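# Summary of the model geometry
Okay, here's what each chain looks like letter by letter:
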Amino acid sequence: GRLPKLALERLKGLPMWIFHSADDVIFPVACSDQLVRDLRADAQENKIVYSRFDKDQEGFEGSVKGHSTGITASKDKEIYK
């Protein structure tokens, strides 16, 4: 789905870094793709960074395949700056 207009307005001006893996079996990457498009459409004041991976960076398989980007993000030193 898409975020309501009010939610997008409230997020305006906040820097964001979105992480997602295309092979996520729990939450479709298309949702993050749409979120990033919506945020960037009105991103005059926002810094929007999107790290979209082709496959699970942590090697998870089965029912959690592709859903480990929180772990991947936590290993990126840039996120703490």
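Residues numbered from 1 in each chain as written. Predicted model: local features only at pLDDT ≥ 70, side-chain atom pairs only at ≥ 80, totals over all residues. Heavy atoms only, no water.

### A closer look at the overall build of the protein chain
The criterion, for reference: Under the DSSP-based scheme used, a helix requires at least four consecutive residues in state H or I and a strand at least two consecutive residues in state E, with every element numbered from the N terminus. Relative accessible area decides the class of each residue, using a 1.4 Å probe on protein chains only: under 20% of the type maximum gives buried, over 50% gives exposed, and in between gives partly exposed. Any pair of residues with heavy atoms lying within 4.5 Å of one another is described as a contacting pair. His is not counted, nor are the chain ends, whereas Lys and Arg count as positive and Asp and Glu as negative. To locate a charge, take atom NZ for lysine, CZ for arginine, CG for aspartate or CD for glutamate.
Scanning the protein chain from terminus to terminus reveals 3 helices and 2 strands. Start at the N end of the protein chain and walk to the C end: the helices and strands fall as α-β-α-β-α. Judged by the C-alpha coordinates and their principal axes, the protein chain covers about 35 × 30 × 15 Å. Here the protein chain, with 81 residues, has 32% of them falling under the buried criterion. Taking all contacts inside the protein chain whose residues are at least 6 apart in sequence as the whole, residues at least 24 apart take part in 62%. Both charge centroids of the protein chain, one from 13 positive and one from 13 negative side chains, sit 3 Å from each other.

### A short note on the nonpolar core
For clarity, the cut-off: Only buried residues count toward a nonpolar core. Its members are Ala, Val, Leu, Ile, Met, Phe, Trp, Tyr and Cys residues joined through side-chain atoms within 4.5 Å.
Residues Met16, Ile18, Val29, Val36, Leu39, Ile48 and Tyr50 constitute the largest nonpolar core, which totals 7 residues. Broken down by secondary-structure element, the contributors of at least two residues to this core are strand E1 (16–21), helix H2 (29–41) and strand E2 (48–53). Ranked by residue count, the leading element in this core is H2, at 3 residues. Contacts of Tyr50, omitting those with residues within four sequence positions, involve Trp17, Ile18, His20, Val29, Ser32, Asp33, Val36 and Arg40.

### So, the pattern of salt bridges
Applied cut-off: By definition, a salt bridge exists where a carboxyl oxygen of Asp or Glu is found within 4 Å of a side-chain nitrogen of Lys or Arg.
Applying the stated rule across the entire model yields 4 salt bridges. In this structure, Asp33 and Arg52 form a salt bridge, with 2.8 Å as the shortest nitrogen-oxygen distance. Pair noted here: Asp33 is in helix H2 and Arg52 is in strand E2, with a separation of 19 residues, a long-range link. Take Arg52: its relative accessible area is 39%, and that puts it in the partly exposed class. Where Lys81 meets Glu78, a salt bridge forms, and the shortest distance between an N and an O atom there is 2.9 Å. Of the residues examined, Lys81 reaches a relative accessible area of 75% and is grouped as exposed.

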